[in-house]
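Each chain, letter by letter, is given below.
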Amino acid sequence: QVQLVESGGAKVQAGESLILSCVVSGTGVAIVNIHTMAWYRQAPGKQREMVSIITDNRGTNYADSVKGRFTSSRDNANKTGYLRMNGLKPEDTAVYYCNAAGHQTSHMGALVPFDIWGQGTQVTVSS
């Protein structure tokens, strides 16, 4: 099984910073590659929106609302993604989710695609 865990969410004041982590791991399988690592967020009563996405063949993209403030990165060796959020605003308040897609080995050693989501981490920004 492939699993993903987000962490780092907290309640902060406007203008402060947070770093979110996204750790991908496999139990009983080997993760061959992660070609996409993305962050999404969902505020109460609103649709889930893309915050940032890293793709092997297309680089990194950000939502207009976070450009210049958020930085997404990943450590391929440790299969971990990061989202650094600077200058947080009340409108950034949401549950943040990590999404990872790539390929793993099956129990028979075959190459199998995966696309998984974490359970989310709460970020609350007070004015």
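Enquirer: How should I be thinking about the pattern of salt bridges in this particular structure?
Expert: Note that side chains of opposite charge can pair when their charged atoms are close. Enumeration according to the criterion identifies 5 salt bridges in this entry. Note that D92 is salt-bridged to R69, the shortest N-O span being 2.8 Å. A residue pair is termed long-range when its members are at least 10 positions apart, and D92 in the loop between β8 (80–85) and β9 (94–105) and R69 in the loop between β6 (59–62) and β7 (70–75) qualify at 23 residues. The burial state of D92 is the same as that of R69; both residues are buried. What emerges from the salt-bridge pattern is a single network uniting R41, E49, R69 and D92.

Enquirer: I tried to follow the side chain of R41 on my own but got confused; where do I start?
Expert: Here R41 shows up in strand β4 (residues 31–42). At a separation of 2.9 Å, a polar atom in the side chain of R41 contacts the side chain of D92. Side-chain polar atoms of R41 contact the side chain of Y96, separated by 2.9 Å. Apart from the residues within four sequence positions on either side, R41 is in contact with Q47, R48, E49, V51, S65, V66, F70, E91, D92, A94, V95 and Y96.

Enquirer: Explanation requested: the state of the cysteines in the structure shown.
Expert: Working definition of a disulfide: a covalent bond connecting the sulfur atoms of two cysteines. Under the defined criterion, the tally for this structure stands at 1 disulfide. In this model, C22 is linked to C98 through a disulfide, with the two sulfur atoms separated by 2.0 Å. Every disulfide takes its handedness from the sign of the S-S torsion; for C22 and C98 that torsion is -85 degrees, giving left-handed. Taken together, the positions of C22 in strand β3 (residues 18–26) and C98 in strand β9 put the pair 76 residues apart, joining distant regions of the chain. Take C98: its relative accessible area is 0%, and that puts it in the buried class.

Enquirer: When you look at the sheet that holds β7 in this model, what are you seeing that I'm missing?
Expert: Whether parallel or antiparallel, the strands of a sheet pair through hydrogen bonds between backbone atoms. Reading across the sheet, the 4 strands line up as β1-β3-β8-β7 and stay open at both edges, with antiparallel pairing between neighbours. Single-partner strands in this sheet number two, and they are β1 (2–7) and β7. Geometrically, the sheet is characterised by an average inter-axis angle of 15 degrees between neighbouring strands, direction not taken into account. Sheet topology places β7 next to β8; 6 bridges connect them, and they run antiparallel. Of the residues in β8, the one forming a bridge with D75 is T80.

Enquirer: Hey, could you run me through the environment of G102 in this one?
Expert: Relative to the assigned elements, G102 resides in strand β9. Put simply, G102 and R84 are 18 residues apart on the chain and 23 Å apart in space, counted from C-alpha to C-alpha. Discounting chain neighbours no more than four positions away, the residues touching G102 are N33, I34, H35, V112, P113 and F114.

Criteria and thresholds
- Sequence order sets the numbering: in each chain, residues are counted from 1 along the sequence as written.
- Only residues with pLDDT of at least 70 get local features here, since the model is predicted, and only at 80 or more are side-chain atom pairs given and counted; chain-wide, interface and lining totals rely on the full set of residues.
- In computing side-chain values, all of the structure's heavy atoms are included and hydrogens and water are not.
- Should a side-chain nitrogen of Lys or Arg be within 4 Å of a carboxyl oxygen of Asp or Glu, the pair is scored as a salt bridge.
- Counting from the N terminus, the helices are DSSP H or I runs at least four residues long and the strands are E runs at least two residues long.
- Three labels apply to residues, based on accessible area from a 1.4 Å probe with only protein chains included: buried if under 20% of the type maximum, exposed if over 50%, partly exposed otherwise in between.
- Polar contacts here mean pairs of N or O atoms no more than 3.5 Å apart (in protein, one a potential hydrogen donor and the other a potential acceptor; neighbouring residues in sequence count only if both atoms are side-chain atoms).
- We call two residues contacting when some pair of their heavy atoms lies within 4.5 Å.
- Two cysteine sulfur atoms make up a disulfide if the distance between them is within 2.5 Å.
- At least two DSSP bridges between two strands are required for those strands to pair.
- To get an axis, a line is fitted to the C-alpha atoms, and for a helix only the part in contact is used. The angle between two axes follows their N-to-C directions and goes from 0 to 180 degrees.

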